[in-house]
Amino acid sequence: MSPYDHNGPVPTKKPPQVTVAKPAASAAPARRRELLGIAAEVFAEQGYNATTVRRIADHAGMLAGSLYYHFDSKESMLEEILRGFLDELWSGYDAVLEAGLGPRETLEALVTESFREIDRHRAAVAIYQKENRQLAAQERFAFLAESQRRFEKAWLATLERGVAAEVFRADLDVRLTYRFVRDTVWVAASWYRPGGRHSPEEIARQYLSMVLDGIAVRE
C-alpha cells in the first residue's frame, strides 16, 4: 500500500531509536598535563639548558620519540608551563586589584595569592626565578618581560596608595619595599612543598605579620 490512501496519509513506522554511547573523553589532555608537570620538575631541578627531551622522557617512562607526539620541542613545553602559571597568577591578581580593597588589604591579598600560586605551581615559579632573565631576551618568551612590568606596576601602585592614604609610613621607600617583598615571597618556592605542615594561607599570614607588624614584642 502507498503511504497515502484515499483517507489521507498513512503513518509509517519509525525505526527504533538507538542510543549510541559517546566515546570516552580522550586521555590525551590529562596525559599532556602530566607530562608538563614532569617536565616542570626536571627543568626546575636541573636547569632549562641542561635538560633534554630525552631526559624528560626518561622521567616520564617513555621514549623520546613518543614525547614528540605531544610536544614539538622542549621550548614548547617550557612556554606552556610558564604561560599556564602566569595566566593563573594574573587571574588571581586581577581579581584582587579589581575588588576595591584598601591598600593594606590589597597588599595582604596579593601576598596570599602569591603563596597560593607557589603551592599550585612551585616548579614553574622555581623555573621563572632561575631562567627569567635569560629567557625574556628571546622573542618567544617576551611575555615574561611584559608580565614583570605589570607585576611591578601593580605592587608599586599598591604601596604608593598606602603611603598616600597614610596606611603605610610616609618615609617608606616604596621601590625598595617592593623588591624586598617580591624576593622574600617568591624565594619560598625553593623550600615550600605542597601538602606540607603549613598551608599557603598560614604562611601568608605569618609572613604578613612579620612584614607589617614586625617580630619584636611591642611595649
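The structure under discussion appears in the preceding block.
What this report covers is the structure whose coordinates are included nearby. Model, not experiment: these values are computed from the prediction.

1. Concerning the packing of aromatic side chains
Under the criterion given, the structure shown has twelve aromatic pairs. For the ring pair Phe-151 and Tyr-178, a centre distance of 6.3 Å and an interplane angle of 55° mean the geometry is tilted. Taken together, the positions of Phe-151 in helix 7 (residues 142-164) and Tyr-178 in helix 8 (residues 174-186) put the pair 27 residues apart, joining distant regions of the chain. According to the relative accessible area criterion, Tyr-178 is buried, its value standing at 1%. Ring centres 6.5 Å apart and planes at 70° place the aromatic pair Trp-191 and Tyr-192 in the edge-to-face group. You can call Trp-191 exposed: its relative accessible area is 52%. On the accessibility criterion, Tyr-192 (6% relative accessible area) is buried. Connected via pairs of aromatic rings, a cluster forms that spans Phe-85, Trp-90, Tyr-93, Tyr-128, Phe-151, Trp-155, Tyr-178 and Trp-186. Sitting above the plane of the Tyr-48 ring, Lys-74 keeps its charged end 4.4 Å from the centroid. Here the guanidinium or amino end of Arg-150 rests over the ring plane of Trp-90, the centre of that ring lying 3.8 Å away.

2. What to know about the packing of helix 1 (residues 28-46) against helix 4 (residues 74-97)
Closest axis-to-axis distance for the helix 1/helix 4 pair is 10 Å, and the angle between their directions is 95°. Comparing their axes, helix 4 and helix 1 come out roughly perpendicular. In this structure, helix 1 uses Arg-32, Leu-35, Leu-36, Ala-39, Ala-40 and Phe-43 to contact helix 4, whose residues at the interface are Lys-74, Met-77, Leu-78, Glu-80 and Ile-81. When grouped by side-chain class, the residues that make up the contact of helix 1 with helix 4 number eight nonpolar, no polar and three charged.

3. Considerations on the pattern of salt bridges
Inspection of the entire model under this criterion finds 18 salt bridges. Among the salt bridges present, the one from Arg-116 reaches Glu-201, with a minimum N-O distance of 2.9 Å. A residue pair is termed long-range when its members are at least 10 positions apart, and Arg-116 in helix 5 (residues 103-120) and Glu-201 in helix 9 (residues 200-213) qualify at 85 residues. Owing to a relative accessible area of 28%, Arg-116 belongs among the partly exposed residues under this scheme. By relative accessible area, which is 36% here, Glu-201 ends up partly exposed.

Calculation notes
- The written sequence of each chain sets the order in which its residues are numbered from 1.
- Two thresholds apply to this predicted model, a pLDDT of at least 70 for residue-level local features and 80 or more for giving and counting side-chain atom pairs, whereas whole-chain, interface and lining totals are computed over all residues.
- With hydrogens and water stripped out, all remaining heavy atoms of the structure feed into the side-chain values.
- In summary, the pairing rule links any two rings of Phe, Tyr or Trp, Trp by its six-membered ring, whose centres are within 6.5 Å, and it sorts them by plane angle into stacked for under 30 degrees, edge-to-face for over 60 and tilted for everything else.
- Think of it this way: any DSSP run of H or I at least four residues long counts as a helix, any run of E at least two long counts as a strand, and we number them from the N terminus.
- Buried residues are those whose accessible area, probed at 1.4 Å on protein chains only, stays under 20% of the maximum for their type, while exposed residues exceed 50% and partly exposed ones sit between those limits.
- Note on geometry: a ring has a charge over it if NZ (lysine) or CZ (arginine) is within 6 Å of the ring centre and within 35 degrees of the ring normal.
- Axis lines are fitted to C-alpha atoms, over the contacting stretch for helices. Their N-to-C directions set the angle, which ranges from 0 to 180 degrees.
- Orientation is classified from the angle alone, with under 35 degrees giving roughly parallel, over 145 giving roughly antiparallel, 65 to 115 giving roughly perpendicular, and any other angle giving oblique.
- Two residues qualify as a contact provided that any one of their heavy atoms is within 4.5 Å of a heavy atom in the partner residue.
- Basically, the charged four are Asp, Glu, Lys and Arg, the nonpolar ten are Ala, Val, Leu, Ile, Met, Phe, Trp, Tyr, Cys and Pro, and anything else, Gly included, counts as polar.
- The salt bridge criterion pairs a side-chain nitrogen of Lys or Arg with a carboxyl oxygen of Asp or Glu, the two atoms within 4 Å.

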